[in-house]
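One letter stands for each residue in the lines below.
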Amino acid sequence: MNILILKFSALVASAVLVGATVISCNKDNEIESTVEKPQIILDSDDGVYTVKAGNELTIAPDFKNIDDASITWTIDGSVVCRSTIWTALWPDAGQYYVTVSAVNDAGNASEEIRVDVLELTPPVISMRLPEGGLKVKAGTDYILTPDIQHADMDGFNMTWYVDGEEAGHDMSYIFNRTETGIYSIKIKASNIDGSAEKEFTIEVVDRLPSSVSFSTPSYLQTSTDRYTFAGRPVYLRPLLSGIEPAEFRWEVDGKTDGCTERTFKFTPEAPGTYTVKVIVNDGEASAEVNVVCVDATEQERMRHSDAGNSAYSNKVFEWIPAPGQFINETSILGGMTGNETTIETANDWAQQRLDTHRFVSLGSFGGYIIVGFDHSVAKSGLEYDLAIGGNAFLSANGGSNEPGIVWVMQDVNGNGLPDDEWYELKGCESDNPDTRHGFSVTYFRPGAPRMNVEWEDCNGTTGSIRYMPGVHDQDYYYPEWIPADSYTLFGTCIPGNNSHDPSTGYWNNNPYGWGYVDNIGSDIITNSSSDDGEGQTSGFKLSNAVFADGSPVELEYVDFVKVQVAVLANSGPLGEVSTEVTSFRDFSMKASKPTGR
């Protein structure tokens, strides 16, 4: 319990006391007095009082039969007041227990009181702003919509200012200026508990800056070089910003290729390094990428297994989840130390979880984990080559199927890192016309604890990962080990399959047919209790690996496996749909029993 700094008021007024001494006669006609036991009647039905931190609270019970009685108020055995009315200043948020007692010759009475001291909840303003600054094309509407915490409190008011001039009072503001230049924006918000301000600038330009680039294979891998074997194509698709519409021209080592599509299929026939360049809109923007055809064959790069190898993955290379209700969470996940503030410690923690076959959450869409094995996982000739555990279930009141897409990679360059080519393993939704390939979502760090995480996808659609008070106790769903104030996750996004029954109120994350982690489909291997150390596991075939255009790629083995959250969906009180993984196993090898859950 916190130490209270209490300020007591003087007694407000003398109490009007009921239950004075009763006069009576005894058998000898002698006069004697009868004193009755005190009574305390609280002015709160449940004995709970609420006050905001930093404010005074007065508690005034109704006392009866207290002539010549002693009144005491105590906290943790210490007397804090001896009057019938108690006023105190409560500086610190928390829950406190107070005992008030009245004692006279006839007996005593006491009541326990709980005082809930609540945090002040002034507005907190969070804005989704690009790291490079906000630029708007002259003469176009740009809607500014901040996320303001505690906007539902009494007395809420907000004001927009542009270059110091009042511009509006609505929650959103449509910014439109025809003159180029830099404009200062200020948001002021207030409620009964306080106020907040946020300032930023908008640069109005004649045309938005255009850029073209090539992505890296993952968050940690910074090189854009692409690696392949002779005769195996790579598919190159540039990232565009501020360019629409776009025309493309491709060059290889300075020679123009006939391709005019955004995606360029390049197949080197001999070892060497090839420089591939894309020119957009006849020179408006361009970018180069190196394609390295290694001087080795697929079989020469394979790491064959032996009796000393483990059937399970042995290294987490990257755990980069999207924001979600289990990210930074301590009590439910178990074992979270609170020190996972770097990518290295986060990876170590995820590996410890997988070592004991406990779940690792990947958050919302695009969140992923990359693991490696101490050998190459070869085509087994069995029904499945890989087995990946999750925590999906079905029940009479609904189920939880949160699909994750599996990607695989060979260590083509032989450096032991997942910096080569990713190939998606097809699932039942791969050819669905509503499935979005090459999809991306950018997540933005909230401006304060316990706020929603705002996001914007590659098509300009916006939304948020809703904070769920009372469900999890962490301050942020945004990963603490991501240092940037925003980050972008890429992948394939399949249509959501969740549903809500208005008659029962239940949400159901329905299963998909096959091809996904954390999903009870036709490829389920085990779906038993955790007591046998297996739990829910699905099987995957290397023969389902495809190139970016959906055509099959022949892989004799893989060295790295990635699972990526496949949907961008929310299921009401259940929160965001987020894939969980518990294990990665080479299905062709005999697996030892997990050491624990």
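Residues numbered from 1 in each chain as written. Predicted model: local features only at pLDDT ≥ 70, side-chain atom pairs only at ≥ 80, totals over all residues. Heavy atoms only, no water.

### Points about the overall build of the protein chain
The criterion, for reference: Here a helix means four or more residues in a row that DSSP labels H or I, a strand means two or more in a row labelled E, and each is numbered from the N terminus. Burial classes follow relative accessibility: with a 1.4 Å probe on protein chains only, a residue under 20% of its type's maximum area counts as buried, one over 50% as exposed, and anything between as partly exposed. To measure how exposed things are, a 1.4 Å probe is used in the Shrake-Rupley method; for residues, cover is taken only from the protein chains shown.
A tally of helices and strands in the protein chain yields 2 helices and 49 strands. Buried residues in the protein chain amount to 47% of all 597 residues. Surface exposure of the protein chain reaches about 28,100 Å², of which carbon and sulfur atoms provide 47%.

### Overview of the confidence of the model for the protein chain
Threshold: Confidence of the prediction at every residue is given by pLDDT, a number between 0 and 100. Contacts were defined at the residue level, with two residues in contact if any of their heavy atoms lie within 4.5 Å.
Residue-level pLDDT values for the protein chain average 89, and 90% of them are 70 or greater. Under a pLDDT of 50 for its full length, residues 529–533 has, in the predicted model, 7 contacts with residues more than four places off or in other chains. Across residues 593–597, confidence stays below pLDDT 50; counting only partners more than four residues off in sequence or on other chains, it has 16 contacts.

### Re the nonpolar core
The following threshold applies: Among the buried residues, those of types Ala, Val, Leu, Ile, Met, Phe, Trp, Tyr and Cys that are joined through side-chain atoms within 4.5 Å form a nonpolar core.
Trp319, Ile369, Val408, Tyr443, Val581 and Phe584 are the most contacted members of the largest nonpolar core, which has 67 residues in total. The greatest single-element share of this core, amounting to 6 residues, is contributed by strand S32 (residues 368–378). Residue contacts for Phe584: discarding those within four places in its chain leaves Ala311, Tyr312, Ser313, Leu354, Ile369, Val371, Phe373, Ala387, Ile388, Val561 and Val563. Counting residues in each nonpolar core, the second largest holds 25 residues, with Ala53, Ile66, Trp86 and Ala88 among its members.

### What to know about the pairing of strand S28 (residues 272–280)
Put simply, the rule is: Strand pairing requires that DSSP identify at least two bridges connecting the strands.
Relative to S28, strand S25 (residues 248–252) runs antiparallel, the two sharing 5 bridges. Bridged to Glu251 within S28 is Lys277. Pairing between S28 and strand S29 (residues 285–293): 9 bridges, direction antiparallel. If you follow Lys277 over to S29, its bridge partner there is Glu288.

### Topic: the pattern of salt bridges
Put simply, the rule is: Each salt bridge in this description consists of a side-chain nitrogen of Lys or Arg and a carboxyl oxygen of Asp or Glu lying within 4 Å of one another.
One pass over the full model with this rule turns up 17 salt bridges. A salt bridge links Lys52 to Asp193; the nearest nitrogen and oxygen atoms lie 2.5 Å apart. A residue pair is termed long-range when its members are at least 10 positions apart, and Lys52 in strand S4 (residues 48–52) and Asp193 in the loop between strand S19 (181–191) and strand S20 (194–205) qualify at 141 residues. Relative accessible area serves as the criterion here: at 16%, Asp193 is assigned to the buried category.

### Regarding the side chain of Asn519
Stated formally: As used in this structure description, the phrase polar contact means that two N or O atoms lie within 3.5 Å; if the pair is within protein, one of them must be able to donate a hydrogen and the other to accept it, and residues adjacent in sequence are counted only when both atoms belong to side chains.
Mapping Asn519 onto the fold places it in the loop between strand S43 (507–509) and strand S44 (524–527). Look at Asn519 and you get buried, because its relative accessible area is 0%. Among the polar contacts made by the side chain of Asn519, one reaches the main-chain amide nitrogen of Tyr512 at a distance of 2.8 Å. Ignoring any residue separated from it by four or fewer positions in sequence, one finds Asn519 in contact with Ala392, Asn401, Pro511, Tyr512, Ile524, Gln536 and Ser538.

### Section: the packing of aromatic side chains
Test applied: Aromatic rings from Phe, Tyr and Trp, taking only the six-membered ring of Trp, are treated as a pair when their centres fall within 6.5 Å; an angle between ring planes under 30 degrees marks them as stacked, one over 60 as edge-to-face, and anything in between as tilted.
For the structure on display, the rule yields 21 aromatic pairs. Note on Trp319 and Trp481: the rings are 4.7 Å apart at their centroids and 35° apart in plane angle, and the pair reads as tilted. You can see Trp319 sitting in strand S30 (residues 315–320) and its partner Trp481 sitting in the loop between strand S40 (462–465) and strand S41 (486–493), a full 162 residues away along the chain. For the residue pair Trp319 and Trp481, the accessibility class agrees, reading buried in each case. Aromatic pair Tyr443 and Tyr487: ring centres 6.0 Å apart, planes at 40°, arrangement tilted. Highlighted residues: Tyr443 in strand S38 (residues 436–444) and Tyr487 in strand S41, separated in sequence by 44 residues.

### Here's the deal with unusual backbone geometry
Cis geometry marks the peptide bond from Glu244 to Pro245; its omega dihedral reads -5°. Turning to its location among the elements, Pro245 is positioned in the loop between strand S24 (239–241) and S25. For His150, which is not a glycine, the phi torsion comes out positive at approximately 65°. Within the fold, His150 resides in the loop between strand S15 (147–149) and strand S16 (157–162). Looking at His150, the relative accessible area reads 24%, which means it is partly exposed. Even without being glycine, Asp518 reaches a positive phi, approximately 55°.

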